[in-house]
Amino acid sequence: MELPFAESWKIKMVEPIKKSTRAEREKWLKEAHYNVFQLKSEQVYIDCITDSGTGAMSDRQWAAMMMGDESYAGASSFFRLKDTITRITGFQYVIPTHQGRAAENVLFSHLVKAGAVVPGNSHFDTTKGHIESRKATALDCTIDEAKDTQLELPFKGNVDPKKLEKALAEHADKVPFIIVTVTNNTAGGQPVSMQNLREVRAIADKYKKRVILDSARFAENAYFIKTREKGYENKTIKEIVKEMFSLADGMTMSAKKDGIVNMGGFIATRHEDWYEGAKCFCIPFEGYLTYGGMNGRDMDALAVGLDENTEFDNLETRIKQVEYLAKRLDEFGIPYQRPAGGHAIFVDASRILTEIPKEEFPAQTLTIELYLEAGIRGCEIGYILADRDPVTRENRFGGLDLLRLCIPRRVYTNNHMDVIAVALKNVFDRRNQIKRGVRITWEAELMRHFTVQLERLG
Ligand SMILES: Cc1ncc(COP(=O)(O)O)c(C=O)c1O
């Protein structure tokens, strides 16, 4: 008999989690204005709000922290991190930052001016925020197929080369760079193929433009290339990663994902002019160039995390857990963005809460229902997250309306996946009784989903 699949690690340290009653959850959620970001973590049983900074570090990472050099300038921890990044990506210039959005802030302060147009594939909300707050435009060139959640495509995060070419033909003089997000978080943690990265490179070269990879989940993207793209099955993850970055000019990184640290980020590039430009913004925003917002010990943990998470076994364990949850949802007929993404399952709320109009935010309503059902905290990736159009101030209802269930790395077991699946099934089974959604009572102008206040209707 063939042996079943099992995790590539064993557990050395555990943290207790607490269940609650429905009455307690009703009270807590009301106090949180029906925004799960406002809940306290102890009010949550299984936390799937994000896979960002929520992973479990390995014994090797904890050991590396003891070697942290906390010198203000020239810390050896920085050089260990820089050497690892250069070895893995091929980029020789590295600026650490405290997280991914800080990397965007520092690099975009140098590169994005008012009136600029930045084409990409479903820019993540902080990326979009850092472009739009500079009075520039984030132009989405994702393939149309990504919007059909039921279509099974191996690389649903791809850039549409025709849309990109059109964007460059129309706006070439305004484009400071092209940004490709790997994996494509907003479209459902969907990967981008090597072939697509090559096509983007060719178009960029034609218009003499540079390419940035928003690399939060670059290693998971490489896993999908290895397992889904012809010609890569026998390459190592590290070889694939090297090739991905060889097709780009630089990267912004939220190390809280594929770096498996709780905090951290960086910019890396092969271009001295980008490094020199960004450097000037790192010092006032983040800190001196050899720490840029990170502790020495955290840079050491990140260096080890990057090395570990560019190994196949670690990635296979992770992606197979996401697939396991997907299979359980399939048993219950619950629709989600297919195929399962790298870091999360994106449940298609608009196909479940069909009686709730867009204006009452179906995905946010589903997020609320799942929390009330079992204390499971997901996150709306939909119409609230999409913010308002900066010019018309109208809600943007053009995209997908999803409940994202992120799976933190090396944290939960498949028993937790079973609880999530059954809780969602219970909500799904009573979907026709859920007829009203929520109304916004207060919102911030930008990135409103973190702090929005809501009222339940009906
Ligand atoms: C694709 C992508 N880019 C950028 C970011 C921003 O990173 P951070 O949360 O570390 O600021 C995120 C975070 O979720 C992300 O998923």
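Everything that follows concerns the structure shown earlier in this document.
Described below are features of the structure shown in this document. Quick caveat, the model's predicted, so the values are computed rather than measured.

## Thoughts on the overall build of the protein
(1) Moving on: Of regular secondary structure, the protein possesses 15 helices and 14 strands.
(2) Moving on: For 458 residues, the compact-globule formula gives about 23 Å, and the C-alpha radius of gyration of the protein, at 21 Å, lands near that figure.
(3) Moving on: Every one of the 458 residues in the protein was classed for burial, and the buried ones make up 58%.
(4) Moving on: The contacts in the protein between residues at least 6 apart in sequence include a share of 73% that link residues at least 24 apart.
(5) Moving on: When the accessible surface of the protein is split by element, carbon and sulfur atoms take 53% of a total near 19000 Å².
(6) Moving on: In the protein, 64 positive and 65 negative side-chain charges are present, and the distance between their average locations comes to 1 Å.

## With respect to the packing of aromatic side chains
(1) Moving on: Under the criterion given, the structure shown has 13 aromatic pairs.
(2) Moving on: For the pair Tyr 72 and Tyr 291, a centre-to-centre distance of 5.0 Å together with 65° between the ring planes defines the contact as edge-to-face. Placement of Tyr 72 in the loop between α2 (59-65) and α3 (76-89) and of Tyr 291 in the loop between α10 (272-285) and α11 (296-308) is noted, with a sequence separation of 219 residues between them.
(3) Moving on: Ring geometry for Tyr 383 versus Phe 397: centroids 5.0 Å apart, planes at 90°, classification edge-to-face. Here the residue Tyr 383 occupies a position in the loop between β11 (379-381) and β12 (402-406), and Phe 397 occupies one in the loop between β11 and β12, the gap between them amounting to 14 residues.
(4) Moving on: An aromatic cluster of three or more residues is present, and its members are Tyr 72, Tyr 288 and Tyr 291.
(5) Moving on: The residue whose ring lies beneath Arg 210 is Trp 274, and the NZ or CZ to ring-centre distance is 5.1 Å.
(6) Moving on: When the ring centre of Phe 312 is taken as reference, the NZ or CZ atom of Lys 226 above it lies at 5.5 Å.

## Quick notes on the site of the ligand
(1) Moving on: Contacts to the ligand come from 13 residues, most closely from Gln 99, Arg 101, Asp 214, Ser 254 and Lys 257.
(2) Moving on: At 2.8 Å, a side-chain N or O of Gln 99 approaches an oxygen atom of the ligand.
(3) Moving on: One nitrogen or oxygen atom from the side chain of Asp 214 is found 2.8 Å from a nitrogen atom belonging to the ligand.
(4) Moving on: Against a free-state accessible area of 390 Å², the protein chains account for coverage of 96% of the ligand.
(5) Moving on: Broken down by element, the shell around the ligand gets its largest block of residues, three residues, from helix α4 (residues 100-111).

## Quick word on the packing of helix α8 (residues 218-228) against helix α12 (residues 312-332)
(1) Moving on: Where α8 contacts α12, the two axes come as close as 10 Å, and the packing angle between them is 90°. Comparing the axis directions of α8 and α12 gives the class roughly perpendicular. Residues Ala 219, Glu 220, Tyr 223, Phe 224, Lys 226 and Thr 227 of α8 form the contact with α12, whose participating residues are Phe 312, Leu 315, Glu 316, Arg 318 and Ile 319.

## Observations regarding the nonpolar core
(1) Moving on: Among the nonpolar cores identified, the biggest contains 55 residues, and Val 180, Phe 218, Met 244 and Leu 306 are the most heavily contacted of them.
(2) Moving on: Among the elements that line this core, the one with the most residues is α8, at six residues.
(3) Moving on: Contacts of Val 180, omitting those with residues within four sequence positions, involve Asn 121, Val 159, Val 192, Leu 197, Val 200, Val 211, Ile 212, Leu 213 and Asp 214.
(4) Moving on: One finds Tyr 45, Leu 329, Leu 366 and Leu 370 within the second-largest nonpolar core, a separate group that totals 34 residues.

## Describing helix α7 (residues 194-206)
(1) Moving on: Its 13 residues give α7 an end-to-end C-alpha distance of 18 Å, which sits within 8% of 18 Å, the value for a rise of 1.5 Å per residue.
(2) Moving on: For α7, the elements touching its buried residues are α6 (161-171), β5 (178-181), β6 (211-214), α8 and α9 (237-246).
(3) Moving on: Once α7 finishes, Lys 208 follows within two positions and takes phi at roughly 55°, a positive value.

Rules of the game
- Residues numbered from 1 in each chain as written.
- Predicted model: local features only at pLDDT ≥ 70, side-chain atom pairs only at ≥ 80, totals over all residues.
- Heavy atoms only, no water.
- Helix = DSSP H or I, 4+ residues; strand = E, 2+ residues; numbered from the N terminus.
- Rg over C-alpha atoms; globule rule 2.2 N^0.38 Å.
- Buried < 20%, exposed > 50% of the residue type's maximum accessible area, 1.4 Å probe, protein only.
- Contact = heavy atoms within 4.5 Å.
- Areas by Shrake-Rupley, 256 points an atom, 1.4 Å probe, with all protein chains shown as cover.
- Lys, Arg positive; Asp, Glu negative; His and termini not counted.
- Charge placed at Lys NZ, Arg CZ, Asp CG, Glu CD.
- Phe/Tyr/Trp six-rings, centres within 6.5 Å; stacked < 30°, edge-to-face > 60°.
- Lys NZ or Arg CZ within 6 Å of the ring centre and 35° of its normal.
- Near = heavy atom within 4 Å.
- Polar contact = N/O pair within 3.5 Å; in protein donor to acceptor, adjacent residues only side chain to side chain.
- Axes fitted to C-alpha atoms, helices over the stretch in contact; angles between N-to-C directions.
- Parallel < 35°, antiparallel > 145°, perpendicular 65-115°, else oblique.
- Core = buried A, V, L, I, M, F, W, Y, C linked by side-chain atoms within 4.5 Å.
- Expected span 1.5 Å × (residues − 1).

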